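As a plain string of letters, each chain reads:
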Amino acid sequence: MLSEALTAPARLHPPWKPKRLLITPSALSWPHGAAMAGRAAALGAEVVRLKADRLAGLPDTYRDAKSTMAVVVASPSRRKPQPIPPSADWSFDLAEGCPAHCAYCYLAGSLAGPPIIRAYANLPEILDALPPLLGQGQVTSRNAARAAEGTTFEASCYTDPLGIEHITGSLAETIQFFGAWDAEAQLRFTTKYDAIEPLLDLPSNGRTRIRFSVNARGTERFEGGAPRVPNRLRAMREAAMAGYRIGLTIAPILNLPDWPSAYDALLADCAAALRDTPEIDLTVELITHRFTEGSREVLQGWHPGSGLEMDPAQRSRKLTKFGSAKYVFPKALMAELRARLEESVARHLPQARVLYFT
Ligand code: SF4
């Protein structure tokens, strides 16, 4: 039985509208960048043509920054794909930043400066960097269990690309690039957004996996500005029906008071959303909540009083590969979370492959 939330008439989340779009001269010279400025202007944004390529006059309040988009040219170092275990062989960036306001946002510790959205105008140069990496990489290219995915390229490390697609158009271009790339390669991205319709008829040729980031009821209070989970599940169903490979990113898994039943109910909703979809290729990624001293400080500044637990005393301290500390759930709780969630996945979604728990 589909839950009421999934059978209610679809009401799309309103598309994000930037108040201001800044564009550099170099970005404006790329047709892709000029098109972004045109689409933002049509949405009512003030378009500011900068005189130089250096971004100047950036807003310093969180609220103003989150309503600003800058269209720039990705530098050669920014265009260099990076390894991204355990998700994929390589990550590459179409943009940085996101219009939503999640109290746990994983970008907080990764991006420096005010949280504006930077979108890249030189998409052809960004995509040109990918073919030389075919067959290289340490995750899917080297892992027998995931080899069928081919060389994998992750496009959502520093942004939610679907949340800004109505302005950038970059995902549609990238999906078509992979669709036309006659090779064992796969594009992956994760999203909390629901405006999937413009992507449904693209010739993706099975080379894109769209993963929907979902969480248990009770966590939506931490996800300001993002579409509600039933909207994401509807979008996942539509993507599956259109022939996309799909995925669930269950993240961040939180130590909610009723977490076993809350996450079990989430997986039941996911199964209901996928009922009667033909031959889906479905993966699941399970990611527990973690934070660093740096991300905690940034997030508490952005979202004071969010109520999200970020108490080092309740966590285990672990060193990252870069030598900095991160705070994760204690070992016993991690083991319990893993066992219960994997059991719920197996029961509700027996066709799914769990890629990793972290
Ligand atoms: S949707 Fe994702 S990227 Fe955007 S604010 Fe939320 S956690 Fe951050």
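Please refer to the structure higher up on the page.
Residues numbered from 1 in each chain as written. Predicted model: local features only at pLDDT ≥ 70, side-chain atom pairs only at ≥ 80, totals over all residues. Heavy atoms only, no water.

**Points about the overall build of the protein**
Stage number 1. Counting its secondary structure elements, the protein contains 11 helices and 17 strands.
Stage number 2. Taking 2.2 N^0.38 as the reference for a compact globule, 358 residues should give roughly 21 Å; the C-alpha atoms of the protein span a radius of gyration of 20 Å, in line with that estimate.
Stage number 3. Taken over 358 residues, the protein has a buried fraction of 53%.
Stage number 4. Taking the contacts inside the protein whose residues are at least 6 apart along the sequence as the reference set, 77% of them involve residues at least 24 apart. (Helix = DSSP H or I, 4+ residues; strand = E, 2+ residues; numbered from the N terminus. Rg over C-alpha atoms; globule rule 2.2 N^0.38 Å. Buried < 20%, exposed > 50% of the residue type's maximum accessible area, 1.4 Å probe, protein only. Contact = heavy atoms within 4.5 Å.)

**Some words on the pairing of strand E1 (residues 20–23)**
Stage number 1. Here E1 pairs with strand E3 (residues 68–72) via four bridges, running parallel. From the neighbouring strand, Leu22 faces E3, where its bridge partner is Ala70.
Stage number 2. Bridge count between E1 and strand E2 (residues 46–49): four bridges; the pairing is parallel. The partner of Leu22 across the bridge, within E2, is Val48. (Pairing = 2+ DSSP bridges.)

**Some words on the side chain of Glu285**
Stage number 1. Along the chain, Glu285 turns up in strand E14 (residues 282–288).
Stage number 2. Note on Glu285: relative accessible area 0%, which makes it buried.
Stage number 3. A distance of 2.9 Å separates a polar atom in the side chain of Glu285 from a polar atom in the side chain of Tyr356.
Stage number 4. Aside from chain neighbours lying at most four places away, what touches Glu285 is Ser87, Arg188, Arg211, Leu248, Thr249, Ile250, Leu355 and Tyr356. (Polar contact = N/O pair within 3.5 Å; in protein donor to acceptor, adjacent residues only side chain to side chain.)

**Digging into the sheet that holds strand E9 (residues 151–154)**
Stage number 1. Reading across from one edge, E4-E5-E9-E10-E11-E13-E14-E17 is the order of the eight strands in this open sheet, with mixed pairing throughout. Lying at the two open borders of the sheet, with one neighbouring strand each, are strand E4 (82–84) and strand E17 (353–357). The mean inter-strand angle of the sheet, taken between neighbouring strand axes irrespective of direction, is 30°.
Stage number 2. By the bridge criterion, five bridges tie strand E10 (residues 185–191) to strand E11 (residues 208–214) in an arrangement that is parallel. From the neighbouring strand, Thr190 faces E11, where its bridge partner is Arg211.
Stage number 3. Running over the sheet, helix H8 (residues 229–241) touches E11 and strand E13 (245–253) and is turned about 165° from E11.
Stage number 4. Along the sheet, helix H11 (residues 331–348) contacts E13, E14 and E17; its crossing angle with E17, the most-contacted strand, is approximately 170°. (Axes fitted to C-alpha atoms, helices over the stretch in contact; angles between N-to-C directions.)

**Overview of the site of the ligand**
Stage number 1. Surrounding the ligand, one finds Cys98, Ala100, Cys102, Tyr104, Cys105, Tyr106, Leu107 and Lys192.
Stage number 2. Split by residue class, the shell around the ligand holds seven nonpolar, no polar and one charged. (Near = heavy atom within 4 Å. Nonpolar A, V, L, I, M, F, W, Y, C, P; charged D, E, K, R; others polar.)

**Focus: the packing of aromatic side chains**
Stage number 1. For the structure on display, the rule yields eight aromatic pairs.
Stage number 2. On the basis of an interplanar angle of 55° and a centroid distance of 5.7 Å, the ring pair of Phe177 and Trp181 is categorised as tilted.
Stage number 3. The class of Trp181 is buried, set by a relative accessible area of 13%.
Stage number 4. Through a chain of ring-to-ring contacts, three or more aromatic side chains come together here, namely Phe92, Phe153, Phe177, Phe178 and Trp181. (Phe/Tyr/Trp six-rings, centres within 6.5 Å; stacked < 30°, edge-to-face > 60°.)

**Section: the pattern of salt bridges**
Stage number 1. Applying the stated criterion to the full structure yields 21 salt bridges.
Stage number 2. Note that Glu149 and Arg188 form a salt bridge whose closest N and O atoms lie 3.7 Å from each other. Residue Glu149 is located in the loop between helix H5 (123–128) and E9, and its partner Arg188 is located in strand E10; the two are separated by 39 residues in the primary sequence. Side by side, Glu149 and Arg188 carry an identical accessibility label, which is buried.
Stage number 3. Measuring nitrogen to oxygen at the nearest pair gives 3.6 Å for the salt bridge that ties Arg296 to Glu293. Here Arg296 pairs with Glu293, and both are found in helix H10 (residues 293–302), just three residues apart, close to one helical turn.
Stage number 4. Each of the salt bridges in this network shares a partner with another, and the network as a whole consists of Arg146, Glu149, Glu154, Arg188, Arg211, Glu285 and Arg353. (Salt bridge = Lys/Arg side-chain N within 4 Å of Asp/Glu carboxyl O.)

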